[in-house]
Amino acid sequence: MPADEHATAPPTLRQRRRAAATQEILDAAERHITENGPAALSLRAVARDLGMTVQALYHYFPSREALVTELITKAYGDLADAVQAAVDTAADDPALPRLVIAAEGYRRWAVAHPERFQLLHGTPLRDYAAPVEGPTTQAMRRMSAIFEREMFAGFTEAQLAAAETPALSPSLRKYLEQLPHYGLGYLPPPATALLLSAWGHLNGLVILEVFGHTAFLGDHQAEIFRIAMRNLLDDVHRQIPGRVGADVKGGVDVGVNVSAPHVERSD
């Protein structure tokens, strides 16, 4: 059979049944997390909810760690889908930067799925360690690519390299140099430092809300978050020099240099 013909062959009945059973197990595990929290997840509880034996469930997930890895990967994927959908479907409003739109998509998903978000950013599960360079890492990098792209699109590599951050130590600069990037390609160390700092701020605000620490703001939480994200983006862009012939979006100078090649979006 030719290779291309084999590649397009439909899944067998056995494969379809396995895929359906796997999805049913994941759905049951997500319900269990929603009702009881991530820490209470166990193969025995999921099997009991499905009317299965633990031994039968082992045919699909050989350990609790394997199930948790798949749940984390799926949560990151669903969260990234929500962020990308927010950007893709946003009205063409020059007053609201795409980075803010992406951040708000992130926040909405987290608030709507607090238990699954806690699986990603809450208390680490006892005796669980994500596989090195495994599916959870790949899923997380997709999220990073979206925010990297929306934060720095329109700037040149030279501008990003000249970002006015505090002086980086040689060891930190060397470490940042070798980090992989998936949004715009190569990202100079000063820009990487800005991205990591901004990510900590963004994610920290969402974590505070999901864990109930900003409940005193009531219905104003979304507005406070938008203000914070606009200020964050303004602060980041203010540290990147060379804004020649710049566009202005919502009061933020996006730093377009007409004399140098631009870092293009990949979306």
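This one's a predicted model, so the numbers in the text were calculated from it and none came from an experiment. (Residues numbered from 1 in each chain as written. Predicted model: local features only at pLDDT ≥ 70, side-chain atom pairs only at ≥ 80, totals over all residues. Heavy atoms only, no water.)

Observations concerning the overall build of the protein
Along the protein, the regular secondary structure elements total twelve helices and two strands. Starting at the N terminus and ending at the C terminus, the protein contains elements arranged as α-α-α-α-α-α-α-α-α-α-α-α-β-β. Counting over 267 residues, the protein shows a buried share of 42%. Contacts in the protein between residues far apart in sequence, at least 24 positions, make up 71% of those at least 6 positions apart. (Helix = DSSP H or I, 4+ residues; strand = E, 2+ residues; numbered from the N terminus. Buried < 20%, exposed > 50% of the residue type's maximum accessible area, 1.4 Å probe, protein only. Contact = heavy atoms within 4.5 Å.)

Examining the layout of surface pockets
As a volume, the largest pocket reaches approximately 480 Å³. Lining the largest pocket are 17 residues, with Met 140, Arg 141, Ser 144, Pro 180 and Leu 196 positioned closest to its centre. At the level of secondary structure, the elements contributing two or more residues to the lining of the largest pocket comprise α8 (135-152) and α11 (189-210). Examining the composition of the lining of the largest pocket, we find that seven residues originate from one element, α8, more than from any other. Here the lining of the largest pocket is built from residues that sort into ten nonpolar, five polar and two charged. (1 Å grid on protein atoms, 1.4 Å probe; cavity = no way out; pocket = protein on both sides within 12 Å on 5 of 7 lines; lining within 4 Å. Points joined across faces, edges and corners; volume = space filled by probe spheres on them. Nonpolar A, V, L, I, M, F, W, Y, C, P; charged D, E, K, R; others polar.)

Some words on the packing of aromatic side chains
The way to describe two aromatic rings as a pair is by their centre distance and the angle between their planes. This structure, assessed with the given rule, holds four aromatic pairs. On the basis of an interplanar angle of 55° and a centroid distance of 5.4 Å, the ring pair of Phe 147 and Trp 199 is categorised as tilted. Of this pair, Phe 147 sits in helix α8 while Trp 199 sits in helix α11, placing them 52 residues apart in sequence. A relative accessible area of 4% means that Phe 147 is categorised as buried. Members of the aromatic cluster, joined through ring pairs, are Tyr 106, Phe 117, Phe 147 and Trp 199. (Phe/Tyr/Trp six-rings, centres within 6.5 Å; stacked < 30°, edge-to-face > 60°.)

Regarding the packing of α11 against helix α12 (residues 221-238)
Axis separation between α11 and α12 bottoms out at 11 Å; the angle between their running directions is 175°. It follows that α11 is roughly antiparallel to α12 by the angle criterion. When α11 is examined against α12, the residues Leu 194, Ala 198, His 201, Leu 202, Leu 205, Val 206 and Glu 209 are found in contact with a partner set consisting of Gln 221, Phe 225, Ala 228, Met 229, Leu 232 and Val 236. (Axes fitted to C-alpha atoms, helices over the stretch in contact; angles between N-to-C directions. Parallel < 35°, antiparallel > 145°, perpendicular 65-115°, else oblique.)

Comments concerning the packing of helix α5 (residues 64-89) against α8
Put simply, α5 and α8 touch, their axes get as near as 8 Å, and they point 20° apart. On the basis of their axis angle, the class for α5 and α8 is roughly parallel. Where α5 crosses over α8, the handedness of that crossing is left-handed. Only Pro 135, Thr 136, Ala 139, Met 140, Arg 142, Met 143, Ile 146, Phe 147, Arg 149 and Glu 150 of α8 make contact with α5, whose side of the interface consists of Thr 69, Ile 72, Thr 73, Tyr 76, Gly 77, Leu 79, Ala 80, Asp 81, Val 83, Gln 84 and Val 87. (Left-handed = near helix turned anticlockwise from the far one by under 90°.)

Re empty space enclosed by the protein
The method is simple in principle: a probe with the dimensions of a water molecule rolls over the atoms, and the space it marks as empty is what remains. Enumeration according to the criterion identifies one cavity of 30 Å³ or more in this entry. Here the largest cavity is characterised by a volume of approximately 40 Å³. Lining the largest cavity are Leu 99, Phe 147, Met 151, Leu 195, Ala 198, Trp 199, Leu 202 and Leu 232. Looking at the lining of the largest cavity, the elements with two or more residues in it are α8 and α11. Sort the elements by how many residues they give to the lining of the largest cavity and α11 lands first, with four residues. Taken together, the residues of the lining of the largest cavity sort by class into eight nonpolar, no polar and no charged.

Considerations on unusual backbone geometry
Positive phi is not limited to glycine here, since Asp 127 has a value of about 65°. Structurally, the position occupied by Asp 127 is in the loop between α7 (114-121) and α8. Judged by its relative accessible area of 67%, Asp 127 is exposed. The backbone phi angle of Glu 133 is positive, close to 55°, even though this residue is not glycine. The residue Glu 133 is located in the loop between α7 and α8 in this model. You can call Glu 133 partly exposed: its relative accessible area is 48%.

Considerations on the nonpolar core
One finds Val 46, Leu 67, Tyr 106, Phe 147, Met 151 and Phe 152 to be the most contacted residues of the largest nonpolar core, which totals 62 residues. Top contributing element to this core by residue count: α5, with eleven residues. (Core = buried A, V, L, I, M, F, W, Y, C linked by side-chain atoms within 4.5 Å.)

Here's the deal with the confidence of the model for the protein
Of the residues in the protein, 87% have a pLDDT of 70 or more, and the chain-wide mean is 85. Between residues 244-267, whose pLDDT stays under 50, and residues either more than four places distant or in other chains, the model counts 60 contacts. (pLDDT = per-residue confidence, 0-100.)

Regarding the pattern of salt bridges
Scanning the model with the defined rule gives twelve salt bridges in all. The partner of Glu 133 in a salt bridge is Arg 141, and the shortest N-O contact between them spans 2.8 Å. (Salt bridge = Lys/Arg side-chain N within 4 Å of Asp/Glu carboxyl O.)

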